[in-house]
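What follows is each chain in one-letter form.
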Amino acid sequence: MPKELSGLRAKAGLAMALVLLLLTAAACSAENAAVSANAGPAEAAAQADPSATAAELPLAEGEDASRDPSFGDKLQEWVQEGAAAEHEGAVTLSAADVARTSEGAHTSVGTVDGRPNALDWRVENEEWIEYEFNVETGGLYRIDLTYRPVTDENRRRPILLNVAVDGGNEFLEARSVALDRRWKDPFPASLDQNGDQIRPMSQDVSCWMTVSLRDSGGAYVEPLQWYLQPGRHTLRFTASEPFALASIALSAPEQVPGYETVRQANAAAGKEGSPDADPIAIEAEEADWKSDSSISLRYDTDIKSTPYKRGRITYNTVDGSRWSTGNGEMSWTFDVPESGYYKIGLRIKQNYSSNRSSFRTVRINGNIPFAEMKAYRFPYASGWQGVQLEDGEGQPYLFYLKKGTNTISMRATQAPVKPMIDDLEKIVSALMSLTADLKALTGGSSDTNRTWKIDEELPGFTTDLRAVADSLEDVQMRLKDVNGRSDAVTQGLVTTIKDIQSMLSDPNRIPYKTDRFVTMQGRVADLMQQLQSQPLGLDRIYIVPADRELPQMEASFFKKVEGGFVNFLSSFRSKERLSSGDDDVLNVWVLRGRDYVNLLQQLVDEQFTPTTGIKVKVNLLADTNLLVLMNAADRAPDVALGLPQTLPFDYAVRNGLYDLAQFPDFDSVYKRFAPGSWTPFYYEKGYYAVPETQSFSMLYYRKDILNELGLDVPDTWEDVYDMLPTLQQNSLNMMPVQHTPFFFQSGAGYFTQDGLHTALGTEQGYQAFKQWTDLYNVYAVDQQVSSFYQSFRSGTVPIGIADFSMYIQLMVAAPELNGYWGIAPIPGVRQENGEVARWMGGELQSSVIFKKTKKAEESWQFLKWWTSAEVQERYGTDLETLNGLSFRWNTSNIEAFVHLPWKPEDLNSILEQWRWYKEIPNVPGSYYLERELQNAWNRTVVDGMNYRSSLELSIEEIEREMRRKMQEFGNIDSQGNVLRSLDLPDVSKPWEGVDPYVRK
Amino acid sequence: MSESNAPILENRHAAGSAAAVRAEGRMARLFKEIWRYRLSYLFIAPFMICFVSFIMIPVVSAFLLSFMSYNSLEPPRFIGWTNFRYMVSEDLLFLKYALPNTFKFAAIAGPCGYIASFLLAWLISILRSGWRKWFALAMYSPSLMGAVAMTIVWLPLLSGDRIGYLNSILLEWGLISDPILWVTSKEHLMTSMIVVTLWSSMGIGFLAMLAGILNVNPELYEAGKLDGIKSRLEEIWYITIPSMKPQMLFGAVMAIVGTFKAGSIGTELSGMNPTPQYAGHLIMNQIEDYGFIRFELGYASALSVFLLLLMYLSNKFCWGLFGSKEDE
């Protein structure tokens, strides 16, 4: 400990010295500038230049360290080295012959699901197994695994493998190879009271499967390949999900011949004739299996969609927007009455991105029948369209099918656009480094009174920019070619090219437009992201004998009119009514979106009602004010979920809520959550709500920018103050900070322990307030930043404290920053024992039981069920699998939380912050605190009032309001004598409940 | 009309003669009377039902609630004049901010909006009739757009950082050296609120005035010319305004009601509730603050009753200005 401490101190000292140095340097240069104000920009540029080169270096290094080559690049390299794709070499390993494992790996050999001598690998945390084998013929090998996932209720994600050959990942994609599960939607779907179908919940039907290892992004049609020289090799799999493995086979990648070759071969083999049979129709939604549970079904109300039931919800198609990424694959089985040639027709909907085509790999009986099916193009159309698989001249491809059971499968692929995606990625990083150059030149300010000579001051800049424009043009042309016509993405690229050209037409004005670069970069990254999605909605597949006509697949005009009319009429059916007072069911109102409500109802019907026999009706509550008004009208639910954090208290003091601490097993629920997340729900020895979700605040920082400036991630506020001058010299700044960390970390708190007075007036309180306002007054943090996300993306605010929504936003909407940002626990105050106290809160959502309920026991049972780790985890996983990453469920239940798919390093930071989680308690009149603190801030920071008198004014106001409210609720009498004190719970130690979950 | 007049007279007569009869008999007679004129009652029923259920009952219950302490969860408790006493003696927020702000806001936004809509209506009325409706539509559209316009036009325009349109233009022209917090500083919030309200105030009052101006009998102008009116301004003053008094009154009432009713604009602009240092705190905000944040619905009702009174008085004032004397 002491050693570490002294190290830290040394570091802090170094940092201080550096800051001092920089400060003096800045002062000197400012003096210089003052002396030779008209020395011209050349000198300034000369000063800026070294920093420009310095700016490039760490970036380049970072790229080298973190980015392996992609499979495509590596394959090319191997082929150039002379690796043969066609060879006879093959190796088969039994999974039981493990050479080594990681320490304590949970492996055993036995019969699994009917297959003897299989390796049953019950992974806990992270483990690896290693095999050794001999290769006789050198060449490219693909790896086929025969595996069976462990299937149970709580496992929904694919198994992710890190595949290392001879101890290393040869390419990026090998780091995480997905072994998919197989899912099936049970049909026929059950109906609800209205006669609408309930969305079937996919079931895991995984069995023993043999697949070639593929990249998980769906970027290549071919499986992943490794170049193996003759000799001894090792193969190591690292996994974090349990599964069973039967065998591993290495062989040469399969070669798929072209259509003509296949036809001739078939003809030579005497396969002829168009059978005399009826067309076979396959309902796309009733697939045999699908590789991902998030490929969901959709009810389509087009009159020609099948099956179709007037005015009722029928899940009759595959949702194209969900079947768009990765290796998403669906497979169907059908019976062929007679052998012969068939053609394939599909009723598809591909109207997701204007004019952009989607691609699918079509496989018949597990194999790609001919090369044209590797990535078949489905063009864009505004509505449903009937297509047949055909060649460029409109001649249908003919598939030879044998009599009996056949399967057809379709897999999403982005292979045709993958090279362009790679190029766009390079363009984005080129634009990024150009932006960095430009920023280094201008020092971040866009002073329009200064004249630039860009070619002298940044030699090579315009050439590089022109090169970017040229390669964009090239990508655009190729995309158009692959897509068949220009689309939304190529149009976006054209706009960007025009932007660049207009800038190049007057290059000396470029330095004024640094922000344009950020926009362009974002736009290109966004287009790149779009290219990765390959949506395709599917209603039916037709297998039709070669010389028969395809059935009519699009609705005629009159049918369309009829369908429109039916839909219009059925839109009057009301489905949204808040139910209450129904004695048979438990009424639950949820202040969340439709997706959340539906999923909860499903989960309740599936798990809660069968085990407890309690029927539950989940309703959507649109607005909290509705709750007040409904209460006034004497209508209340039994349970309400998703309520904002202050609401339970307001209802509790007015006798509207049930005290949960009355239940004998309350303690078991209490332990599920951090003590700091209970404080807002406490009133007079009772707890009136259960935390549901919590939005923890974290410190977000841009790795690249901090690196470039040589700054470390701040650990304490002192570190923050040290780094601010450096940031500001580079025209960067930090995001404004709330008051919570200052008041909590100084130990002042907000209310006295008896809860009758505010604690702001203590000496610590004044100090905390001073610290908070000094951040703006002394350390010149901006008073207002309109959007942290935008400023963070553009790099002008590379560091700041923000909550969970920022995390989601960055993950989902800032693909170009992937790997360039990180999160850390927020800065704190070093304690005497060397620990850094990082107290901070975060918005909570809560669930409550209403006092008027007649079913208190049932309600409590429901709440216990709902907040339990298993249910929270399941709900969070389902939400994300159904709706995507942006629906990440930030549950307050720590055990469920850690099981959601976080990045390990992020999770550890979040958990460290979680130890210090504490929210402001509520007392009568406490709503006044926030607004008066804001007012005090406003007076001190905006109006420049002395911090002490400003806070005094606020304290007076807060005390007045608290006194008034306390009198109303009988805590004190009209003379100010205490009748009942509030005894607030004391949370002054970090939560130890976090410790078991921290991964070392 | 003449048909319905007769029963009323008769009714009055019948009621007078029945004064001596016992109460029960009177009630029975009243119902009988009503039954006799059931068709007339049927005709006024749709309006009466709406009026009673959406205006009468709420107003009366607000009036009753203003004498109670009520928090929406527990049953109301009668407390007499306490709410009103608190309002005039103790509620500092109300006395220091809400009331003066509301008067300031109403005094500037109301009349200015009113005059502006009259002038615009007059300007548009001069246009050729083909163009007129398009201009009227364009002028009317701000009041239709409301919240949407707020988020996509005004918020970026008035944003307090360097990127805000207004700030960046002023900075570029060198008029200011630091960005101004248009919507979060207490000096500028009120001004911003008034400007935005003026922009969106071209509501129904404006349309009424346009109709009024177009309805003025053209012969009057001719007669005026003969009588020696020299300029357009004199024409407005001596002919247009006097002959469109009803529309002027309507416009004035709408303007007053509109400005008193405005409340959300401050919170929408500043993004804070309540507004920074209560700079944009109006009576409506105060009502919402007490009603939905502090759960004191009784006091909130008392405030609404006060607001109602205020509106009534200002309506009286408008009648005084524009009401036609002959009718009284």
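Only a predicted model underlies this, so the values are computations on that prediction, with no experimental measurement involved.

**Looking at the side chain of Gln 197 of chain A**
Residue and element names in this part refer to chain A. Positionally, Gln 197 belongs in the loop between strand E9 (183–184) and strand E10 (203–204). From its side chain, Gln 197 meets the backbone nitrogen of Tyr 315 in a polar contact 2.8 Å long. Among residues more than four places away in sequence, those in contact with Gln 197 are Ala 189, Ser 190, Leu 191, Ile 313, Thr 314 and Tyr 315.

**So, helix H13 (residues 245–261) of chain B**
All names here are of chain B. For H13, which comprises 17 residues, the first-to-last C-alpha distance of 24 Å matches the rise-based estimate of 24 Å (1.5 Å per residue) to within 8%. Residues of H13 that are buried: Met 248, Leu 249, Gly 251, Ala 252, Val 253, Thr 259 and Phe 260. In this structure, the buried residues of H13 make contact with helix H5 (92–126), helix H10 (204–215), helix H12 (232–243), helix H15 (283–293) and helix H16 (297–322).

**Examining the nonpolar core**
Counting 152 residues, the largest nonpolar core has Tyr 700, Phe 862, Leu 863, Trp 866 and Trp 914 of chain A as the members making the most contacts within it. Within the second largest apolar cluster, 46 residues are counted, among which are Val 256, Ile 282, Tyr 341 and Ile 364 of chain A.

**Things to note about unusual backbone geometry**
Of the consecutive residues Phe 187 of chain A and Pro 188 of chain A, the connecting peptide bond is found in the cis state with omega at 0°. Its place among the elements puts Pro 188 of chain A in the loop between E9 and E10. Omega for the bond connecting Thr 306 of chain A with Pro 307 of chain A falls within 30 degrees of zero, at -15°, which places this linkage in the cis form. By the element assignment, Pro 307 of chain A lies in the loop between strand E17 (297–299) and strand E18 (315–318). A positive phi angle, near 45°, is found at Asp 113 of chain A, a position not held by glycine. For Asp 113 of chain A, a relative accessible area of 46% gives the class partly exposed. Despite not being glycine, Tyr 278 of chain B shows a phi value in the positive range, around 60°. The topology assignment puts Tyr 278 of chain B in the loop between helix H14 (264–270) and H15. The exposure class of Tyr 278 of chain B is buried, given its relative accessible area of 3%.

**Digging into the environment of Thr 146 of chain A**
All names here are of chain A. Its location among the elements puts Thr 146 in strand E6 (residues 139–149). Once the C-alpha coordinates of Thr 146 and Trp 208 are considered, the two residues, 62 residues apart in sequence, prove to be 6.6 Å apart. Apart from residues lying up to four places away in sequence, Thr 146 is in contact with Arg 115, Trp 208, Met 209, Thr 210, Ala 244, Leu 245, Ala 246 and Ser 247.

**Concerning the packing of helix H4 (residues 82–89) of chain B against H16 of chain B**
Residue and element names in this part refer to chain B. Viewed as axis vectors pointing N to C, H4 and H16 meet at an angle of 70°, and their least axial separation amounts to 9 Å. Between H4 and H16, the crossing angle belongs to the class labelled roughly perpendicular. H4 and H16 meet at a crossing whose hand is right-handed. Contacts between H4 and H16 involve Asn 83, Phe 84, Tyr 86 and Met 87 from the former and Gly 298, Tyr 299, Ala 302, Leu 303, Val 305 and Phe 306 from the latter.

**Side note on the sheet that holds strand E34 (residues 799–802) of chain A**
All names here are of chain A. Ordered in space as E34-E33-E35, the three strands form an open sheet in which the pairing is antiparallel. Two strands lie at the open edges of the sheet, namely E34 and strand E35 (821–824), each paired on one side alone. In this sheet, adjacent strand axes meet at a mean angle of 30° when their direction is disregarded. Pairing of strand E33 (residues 698–702) with E34, which is carried by four bridges, proceeds in the antiparallel orientation.

**Things to note about helix H11 (residues 594–612) of chain A**
All names here are of chain A. End to end, H11 covers 25 Å across 19 residues, agreeing with the expected 27 Å (1.5 Å per residue, within 8%). The largest bend along H11 measures about 40° and falls at Val 604. The complete set of buried residues in H11 reads Tyr 596, Val 597, Leu 599, Leu 600, Gln 601, Gln 602, Leu 603, Val 604, Phe 608 and Thr 609. For H11, the secondary structure elements touched by its buried residues are strand E27 (586–590), strand E28 (616–620), strand E29 (639–644), helix H21 (856–867) and helix H22 (869–883). At the C-terminal side of H11, Gly 613 shows a positive phi close to 75°.

**Things to note about the environment of Asp 447 of chain A**
Residue position: Asp 447 of chain A is located in the loop between helix H5 (418–442) and helix H6 (454–457). Through-space distance from the C-alpha of Asp 447 of chain A to that of Tyr 512 of chain A is 7.0 Å; in sequence the pair is 65 residues apart.

**Things to note about the pattern of salt bridges**
Under the counting rule described, the total for this entry stands at 53 salt bridges over all chains. For the salt bridge of Glu 329 of chain A with Arg 411 of chain A, the shortest nitrogen-to-oxygen distance reads 3.8 Å. Pair noted here: Glu 329 of chain A is in strand E19 (residues 329–336) and Arg 411 of chain A is in strand E25 (residues 404–412), with a separation of 82 residues, a long-range link. Both residues of the pair, Glu 329 of chain A and Arg 411 of chain A, count as buried. Here Arg 294 of chain B ties to Glu 961 of chain A by a salt bridge, and the two come within 2.8 Å at their closest N and O atoms. Remark: Glu 961 of chain A occurs in helix H26 (residues 947–968) and Arg 294 of chain B occurs in the loop between H15 and H16; the pair is interchain, linking two chains. Comparing Arg 294 of chain B with Glu 961 of chain A shows no difference in burial state: the two are buried. Connected through shared salt-bridge partners, Arg 931, Glu 961, Arg 964, Lys 965 and Glu 968 of chain A together with Asp 289, Arg 294 and Glu 296 of chain B make up one network.

Thresholds applied
- Residues numbered from 1 in each chain as written.
- Chains lettered and ligands numbered in written order.
- Predicted model: local features only at pLDDT ≥ 70, side-chain atom pairs only at ≥ 80, totals over all residues.
- Heavy atoms only, no water.
- Helix = DSSP H or I, 4+ residues; strand = E, 2+ residues; numbered from the N terminus.
- Polar contact = N/O pair within 3.5 Å; in protein donor to acceptor, adjacent residues only side chain to side chain.
- Contact = heavy atoms within 4.5 Å.
- Expected span 1.5 Å × (residues − 1).
- Buried < 20%, exposed > 50% of the residue type's maximum accessible area, 1.4 Å probe, protein only.
- Core = buried A, V, L, I, M, F, W, Y, C linked by side-chain atoms within 4.5 Å.
- Axes fitted to C-alpha atoms, helices over the stretch in contact; angles between N-to-C directions.
- Parallel < 35°, antiparallel > 145°, perpendicular 65-115°, else oblique.
- Left-handed = near helix turned anticlockwise from the far one by under 90°.
- Pairing = 2+ DSSP bridges.
- Bend = angle between axes of the 7 residues up to and from the residue.
- Salt bridge = Lys/Arg side-chain N within 4 Å of Asp/Glu carboxyl O.

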